[in-house]
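# A closer look at the structure
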Amino acid sequence: MTWILLAALLLVIYFTFDISPKKKKQSIPVNMPARWKTILMERVLFYQQLNGEQKIRFERDVIEFLSSVKITGVRCEVTLEDRVLIASSGVIPLFGFPACTYKNLEEVILYPTTFNRQFQLDDPDELITGMVGAGVMEGKMILSKPALHAGFDINTDRENTAIHEFVHLFDKENGFIDGVPPGLEKKTYALPWLQLVHHKIADIVADRSDIRDYATTNPMEFFAVAGEYFFERPDLLKENHPKLYALLVKVFNQDTAAFMSDQYKSREIGRNAPCLCGSGLKFKQCCWED
């Protein structure tokens, strides 16, 4: 009698629960809308320098970012351009790692101006333009909308607030933000990195460096400032700081100076200019939108 009850129980379990292997949900390829691509071609120098295949991967990464990260405006409208620039800022540091995403990011909050540590606007004593949240703000990033756009308006100043904050998130991928890049956690790698950081900070303090002063705040800010420099002006970083540049090539798995040209000023695309998508057509006949 016992074995009959046991057999009956096993049958109930079999038909109640699906014990067959689960198939992974397949991602559906999505082509980037023309309006999005136009923003990338007009505003994002990093994207402009990529070859055709790399551009497609960058576009897919932007779409993936926007499908998984919420973007919220506080007392300001979030435009399509805002969204594409935020996503691009996140894609750039991780572009050397195609399978990676930011596991510590759920939402980007956009403010209309600078803010302080209590998230109040326009405090003349504390002009914060970007912050990676912790505690109750864990999983969130706050960006100033003007600072976001300024980072893509000027490509000669080695600064980009949004990329700076995403480098902090990249730093956090190994568990916490400590200024030691992922991949260099082991003592044999971390010590040479920290020694280099110490020497570079000393050079900045002594006014012997073109790395901006904010890098002297602590090792965490040094890494983020160096990351901005690496993606904004890799040619200068390689020339002025070859050892630092070589280490960052390994950290980000990208040799940015090898593919980014010296045309660092943002430019508008004329209607009759060749379209930057590589089609061979004039811009007005291809990706132009009236």
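Reading the values: the criteria
- Residues numbered from 1 in each chain as written.
- Predicted model: local features only at pLDDT ≥ 70, side-chain atom pairs only at ≥ 80, totals over all residues.
- Heavy atoms only, no water.
- Helix = DSSP H or I, 4+ residues; strand = E, 2+ residues; numbered from the N terminus.
- Buried < 20%, exposed > 50% of the residue type's maximum accessible area, 1.4 Å probe, protein only.
- Contact = heavy atoms within 4.5 Å.
- Areas by Shrake-Rupley, 256 points an atom, 1.4 Å probe, with all protein chains shown as cover.
- Right-handed = clockwise from strand over helix to strand, strands pointing away.
- Pairing = 2+ DSSP bridges.
- Expected span 1.5 Å × (residues − 1).
- Polar contact = N/O pair within 3.5 Å; in protein donor to acceptor, adjacent residues only side chain to side chain.
- Axes fitted to C-alpha atoms, helices over the stretch in contact; angles between N-to-C directions.
- Left-handed = near helix turned anticlockwise from the far one by under 90°.
- Salt bridge = Lys/Arg side-chain N within 4 Å of Asp/Glu carboxyl O.
- pLDDT = per-residue confidence, 0-100.

## A few points about the overall build of the chain
For the chain, the count of helices and strands is twelve helices and four strands. Looking at the chain residue by residue over its 290 residues, the buried ones come to 43%. When contacts within the chain are restricted to residue pairs at least 6 apart in sequence, those whose partners lie at least 24 apart make up 61%. For the chain, the computed accessible surface area is about 16,200 Å², with 55% contributed by carbon and sulfur atoms.

## A look at the pairing of strand S2 (residues 107-111)
In regular strands, side chains alternate between the two faces of the sheet. Here S2 lies mainly inside the structure; five of its five residues are buried. Both faces of S2 are covered, namely the face carrying Glu107, Ile109 and Tyr111 and the face carrying Val108 and Leu110. With respect to chirality, the unit in which strand S1 (residues 70-73) leads through helix H5 (residues 80-94) into the neighbouring parallel S2 is left-handed. Bridge analysis of S2 against strand S4 (residues 140-144) gives five bridges, and the strand direction is parallel. The residue bridging Ile109 from the neighbouring strand is Ile142, located in S4.

## Details of unusual backbone geometry
Both trends apply: most residues other than glycine have a negative phi, and most peptide bonds are in trans. Of note in the backbone geometry, Arg75 takes a positive phi value of approximately 55° without being a glycine. The exposure class of Arg75 is exposed, given its relative accessible area of 71%. The phi dihedral of Asp122 is positive, around 55°, even though this residue is not glycine. Along the polypeptide, Asp122 turns up in the loop between S2 and strand S3 (130-132). Judged by its relative accessible area of 52%, Asp122 is exposed.

## Observations concerning helix H9 (residues 219-232)
An ideal rise of 1.5 Å per residue puts 20 Å on 14 residues; H9 measures up with 20 Å between its terminal C-alpha atoms. Burial analysis of H9 places twelve of its 14 residues in the buried class, which makes it a mostly covered element. The N-capping residue of H9, defined by a side-chain oxygen 3.1 Å from the backbone nitrogen of Met220, is Asn218.

## Examining the sheet that holds S3
The strand order across the open sheet built from four strands is S1-S2-S4-S3, with neighbouring strands paired in mixed fashion. Looking at the sheet topology across the chains shown, the edges are occupied by S1 and S3. Averaged over all pairs of adjacent strands, the angle between strand axes in this sheet comes to 15°, irrespective of strand direction. Those strands touched by H5 are S1, S2 and S4, and its axis lies near 125° from that of S2.

## Some words on the packing of helix H2 (residues 34-43) against H5
Running from amino to carboxyl end, H2 crosses H5 at an angle of 60°, the nearest separation of the two axes being 10 Å. Considering only the axes of H2 and H5, their crossing is right-handed. Residue-level contacts link Arg35, Trp36, Ile39, Leu40 and Arg43 of H2 to Leu80, Glu81, Val84, Leu85 and Ser88 of H5.

## Observations regarding the pattern of salt bridges
Using the criterion set out here, one finds nine salt bridges in the structure. A salt bridge links Arg43 to Asp153; its shortest N-O distance comes to 2.6 Å. Taken together, the residues Arg43 in helix H2 and Asp153 in helix H6 (residues 145-153) connect sequence positions 110 residues apart. When its relative accessible area of 45% is taken as the criterion, Asp153 is described as partly exposed. A salt bridge links Asp203 to Arg208, with the shortest nitrogen-to-oxygen separation between them at 2.8 Å. Judged by its relative accessible area of 22%, Asp203 falls in the partly exposed class. A relative accessible area of 58% places Arg208 in the exposed class. Salt bridges sharing partners connect three or more residues here, namely Arg43, Glu81 and Asp153.

## Digging into the environment of Asn272
Assignment of secondary structure puts Asn272 in the segment after helix H12 (256-259). Remark: the alpha-carbon pair of Asn272 and Lys282, spanning ten residues in sequence, is separated by 5.3 Å.

## Some words on the confidence of the model for the chain
Here the chain averages 85 in pLDDT, while 81% of its residues score no lower than 70. In the predicted structure, residues 3-26 sits below a pLDDT of 50 and forms one contact with residues beyond four places in sequence or in another chain.

## Details of the side chain of Lys200
Residue position: Lys200 is located in helix H8 (residues 187-205). In this view, Lys200 contacts Phe222, His241 and Leu244; residues no more than four positions away in its chain are not counted.

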